[in-house]
Amino acid sequence: MKNRRGKLYNANTPLTIPKIDFISEELKKDATSLTVDHAQPNVNIQERINEASLQLKNIFQDIRNEGKIQLDKIVLIKAKVAPVIAEAAKNPDVYYLFEELQANNEYTYKHNIGVGIIATYLGMKLGLSKENLSALTLAATLHDVGKTRIPDSILKKPGKLTAAEYEEIKRHAIYGYELLKSIPGIPPSIALTALQHHEREDGKGYPHGLMGNDIHHHAKIVAIADVFHAMSSNRVYHRAMPFYKVIEQMNSDKFGKFNPEILMEFVNRLMSTLVGKEVTLTNGRNGTIIMIDPYDPLKALLKTGTEIIDLRMEKEWQIERIIG
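Right, let's walk through the structure included here. (Residues numbered from 1 in each chain as written. Predicted model: local features only at pLDDT ≥ 70, side-chain atom pairs only at ≥ 80, totals over all residues. Heavy atoms only, no water.)

**Examining the overall build of the protein**
- A count of helices and strands for the protein gives 14 helices and five strands.
- Burial status across the protein gives 50% buried among its 324 residues.
- Taking all contacts inside the protein whose residues are at least 6 apart in sequence as the whole, residues at least 24 apart take part in 65%. (Helix = DSSP H or I, 4+ residues; strand = E, 2+ residues; numbered from the N terminus. Buried < 20%, exposed > 50% of the residue type's maximum accessible area, 1.4 Å probe, protein only. Contact = heavy atoms within 4.5 Å.)

Right, here's the structure in full:
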């Protein structure tokens, strides 16, 4: 018996309108379809995310001023920030929330919330236990806490960093570990994630050049969330990368920098949330994604007006931006 998905989506043949209609009907029956129900986050969760970002900003500023993390700050994050992240991560249209967390000039604080949501979402899809997921959420929220020891003149520098400044930035992983390792009542994974979220599977990360199984599982998840949110955000020294470049870059790192199983789960889950979304292509045209190829997620099927665009056939066109 031939592969059903292969029959529906033959990469060598342009799709006609009748074929599209047939595919649409078949996908309704297909339990493995990537189509999802979209429900945009309500105003309340957006307001709570903004409040959580402000609370985290105040907490990080206190840590910077005091030079250490008081236990009451961890309690506050667990009580006020982590529940908002956990709720936001449950939304099936999670990309909409990522858009809400474009970092701009509040990068350090919104980035931590964004990474928290992405990592928690991914942890849920990976089937982590409730206790493990809670620890991951806290670890992701605090992964960059070491930057509170980095001068703002470096963090907010609009131009290229000097070699010495870049080395100091890299030390935020060690600083974060030092701040977190002695706090009572939190699992060791919190400090280890701060220390290891820039380590890479091939041993070419920092600060210790760890490889594979020497890197904590939570740090591997946070590494993917961290890089995705960083590349997707406007920062003082660069604009957000086009969507297709973000996904292409992450896919190219699948068998080197990142754990391939975790990364594939993330990319496939992320792309599945985009069915039904309006996008802008690199040629300036807008269209709505109606189908994702699980074997080549960026080569989606789009509808624009009365026309169907098959990005497998249009080699020069890519998804530039998600509109909503």
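**Examining the pairing of strand β4 (residues 307-310)**
- One ladder, built from four bridges, connects strand β3 (residues 301-304) with β4; its direction is antiparallel. Across the sheet, Thr304 pairs through a bridge with Glu307, a residue of β4.
- Between the end of β3 and the start of β4, which pair antiparallel, lie two residues, with Gly305 showing a positive phi angle near 65°. (Pairing = 2+ DSSP bridges.)

**Topic: the side chain of His143**
- The residue His143 is located in the loop between α7 (130-141) and α8 (152-155) in this model.
- According to the relative accessible area criterion, His143 is buried, its value standing at 0%.
- Within the structure, His143 has its side chain in polar contact with the side chain of His111 (distance 3.5 Å).
- Beyond its immediate sequence surroundings of up to four residues, His143 is in contact with His111, Asn112, Val115, Ala194, His197, Val222 and Asp226. (Polar contact = N/O pair within 3.5 Å; in protein donor to acceptor, adjacent residues only side chain to side chain.)

**Quick word on the nonpolar core**
- Ranked by internal contacts, the top residues of the largest apolar core, which has 41 residues, are Phe228, Phe243, Met250, Phe266, Ile289, Leu302 and Ile319.
- No other element matches helix α12 (residues 217-232), which puts eight residues into this core.
- Core analysis: the next-biggest nonpolar cluster, separate from the first, contains 31 residues, Ile45, Tyr121, Ala135 and Val145 among them. (Core = buried A, V, L, I, M, F, W, Y, C linked by side-chain atoms within 4.5 Å.)

**A look at unusual backbone geometry**
- Omega for the peptide link from Tyr206 to Pro207 comes to 10°, which places this bond in the cis form.
- Here Pro207 lies in the loop between α11 (188-196) and α12.

**A look at the sheet that holds β3**
- Ordered in space as β4-β3-β2-β1-β5, the five strands form an open sheet in which the pairing is antiparallel. At either end of the open sheet lies a strand with only one pairing partner, and these are β4 and β5 (319-322). The mean angle between the axes of side-by-side strands here comes to 40°, regardless of whether they run parallel or antiparallel. (Axes fitted to C-alpha atoms, helices over the stretch in contact; angles between N-to-C directions.)

**What about the packing of α12 against helix α14 (residues 260-272)?**
- Contact pair α12 / α14: the axes reach a minimum separation of 10 Å and the direction vectors enclose 45°. For the element pair α12 / α14, the angle class is oblique. The two elements α12 and α14 cross, and the hand of that crossing is right-handed. Taking contact as the criterion, the partners of His217, Lys220, Ile221, Ile224 and Phe228 in α12 are, on α14, Ile262, Leu263, Phe266 and Leu270.
- Its residues assigned to classes, the contact of α12 with α14 comprises seven nonpolar, one polar and one charged. (Parallel < 35°, antiparallel > 145°, perpendicular 65-115°, else oblique. Left-handed = near helix turned anticlockwise from the far one by under 90°. Nonpolar A, V, L, I, M, F, W, Y, C, P; charged D, E, K, R; others polar.)

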